[in-house]
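Single-letter residue listing:
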Amino acid sequence: MSHDLFEAARGAMAFAHAPYSKFPVGAAIRAEDGKIYAGANIENLSFPQGWCAEPTAISHMIMAGAKKIVEMAVIAEKLPLCPPCGGCRQKIAEFASKETRIYLCDETGVKKTMTMEEMLPFSFETEILG
């Protein structure tokens, strides 16, 4: 089941706009509606401003009407098993559960699976604070 997320994340990475960092990243989400939403990092001249791949995928999911991340894959061209950055971890947690699976990939596929709880222990909990 995670292979299609890997393929979607890798495909999204091809659309990365990373002229400043030279660090293309792709992410793909399977939402509660069963559909896959993908995104890539998009930089701009006021680097490090811009969008990471994960919130780009989240925005596609939200704009399509989905609300929950069931599982997510992340891939970076130059760093195998690249985890989401700290800010992205909290953005993902907003739409995920503690059990949501995050797949870290290299160029050949999924190499490590983590839960959101492992990725971001002690995160702000939407259902408590929101």
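These numbers were taken from a predicted model, which means no experiment stands behind them. (Residues numbered from 1 in each chain as written. Predicted model: local features only at pLDDT ≥ 70, side-chain atom pairs only at ≥ 80, totals over all residues. Heavy atoms only, no water.)

Draft legend 1. Representation of the overall build of the chain in the model. Looking only at helices and strands, one finds 5 helices and 7 strands in the chain. Written out in order from the N terminus, the α and β elements of the chain read α-β-β-β-β-α-β-α-β-β-α-α. Looking at the chain as a whole, 39% of its 130 residues are labelled buried. Summarising the internal contacts of the chain: among those between residues at least 6 apart in sequence, 59% fall at separations of at least 24. With an accessible surface of roughly 7,100 Å², the chain has 61% of that area assigned to carbon and sulfur atoms. Each charge class in the chain was averaged separately, 13 positive and 16 negative side chains, and the resulting centres sit 3 Å apart. (Helix = DSSP H or I, 4+ residues; strand = E, 2+ residues; numbered from the N terminus. Buried < 20%, exposed > 50% of the residue type's maximum accessible area, 1.4 Å probe, protein only. Contact = heavy atoms within 4.5 Å. Areas by Shrake-Rupley, 256 points an atom, 1.4 Å probe, with all protein chains shown as cover. Lys, Arg positive; Asp, Glu negative; His and termini not counted. Charge placed at Lys NZ, Arg CZ, Asp CG, Glu CD.)

Draft legend 2. Highlighting the UniProt feature "active site" (unreviewed entry) in the chain. Following the UniProt record, the feature "active site" (unreviewed entry) maps to Glu54 here. Of note, glutamate 54 is situated in helix H2 (residues 53–63). Looking at glutamate 54, the relative accessible area reads 4%, which means it is buried. Aside from chain neighbours lying at most four places away, what touches glutamate 54 is Ala27, Met72, Val74, Pro84, Cys88 and Ile92. (UniProt positions renumbered as here; feature names shortened; annotations may be inferred.)

Draft legend 3. Structural context of the layout of surface pockets. In this structure, the largest pocket spans a volume of roughly 280 Å³. Together, 18 residues line the largest pocket, and Phe23, Val25, Asn41, Trp51 and Cys52 are the ones closest to its centre. Of the residues that constitute the lining of the largest pocket, the class distribution is 12 nonpolar, 4 polar and 2 charged. (1 Å grid on protein atoms, 1.4 Å probe; cavity = no way out; pocket = protein on both sides within 12 Å on 5 of 7 lines; lining within 4 Å. Points joined across faces, edges and corners; volume = space filled by probe spheres on them. Nonpolar A, V, L, I, M, F, W, Y, C, P; charged D, E, K, R; others polar.)

Draft legend 4. The arrangement of the side chain of aspartate 106 in detail. Secondary-structure assignment places aspartate 106 in strand E6 (residues 101–106). No salt bridge is formed by the buried aspartate 106; its nearest oppositely charged neighbour, lysine 111, is found at 4.4 Å. Here the side chain of aspartate 106 touches threonine 108 through a polar contact of 2.7 Å, side chain to side chain. Once residues within four sequence positions are removed from consideration, aspartate 106 is found in contact with Phe6, Ile75, Pro80 and Lys111. (Salt bridge = Lys/Arg side-chain N within 4 Å of Asp/Glu carboxyl O. Polar contact = N/O pair within 3.5 Å; in protein donor to acceptor, adjacent residues only side chain to side chain.)

Draft legend 5. Up close: the nonpolar core. The biggest cluster of nonpolar side chains holds 24 residues, and the ones touching the most others in it are Ile29, Met61, Ile69, Met72, Ile92, Ile102 and Met116. Methionine 116 has contacts with Arg89, Ile92, Ala93, Ala96, Ser97, Lys98, Thr100 and Ile102, leaving out every residue within four places of it along the chain. The next biggest cluster of nonpolar side chains, apart from the first, holds 9 residues, and it includes Leu5, Ala28, Tyr103 and Cys105. (Core = buried A, V, L, I, M, F, W, Y, C linked by side-chain atoms within 4.5 Å.)

Draft legend 6. Molecular detail of helix H3 (residues 86–95). Along H3, the positions that sit buried rather than exposed are Cys88, Ile92 and Ala93. On an axial view of H3, the arc spanned by its buried residues comes to 145°, and they lie on one face. (Arc of directions from axis to C-beta.)

Draft legend 7. The arrangement of the pattern of salt bridges in detail. By the definition in use, this model includes 4 salt bridges. Residues arginine 30 and aspartate 4 are paired through a salt bridge, measuring 2.7 Å at the closest nitrogen-oxygen approach. Placement of the pair is arginine 30 in strand E1 (residues 25–31) and aspartate 4 in helix H1 (residues 2–13), with a sequence separation of 26 residues. The exposure class assigned to aspartate 4 is partly exposed, which follows from its relative accessible area of 35%. Of the charged contacts in the structure, one is a salt bridge between glutamate 7 and arginine 10, with a shortest N-O distance of 2.8 Å. Placement of both glutamate 7 and arginine 10 in helix H1 is noted, with a separation of 3 residues, approximately one turn of the helix.

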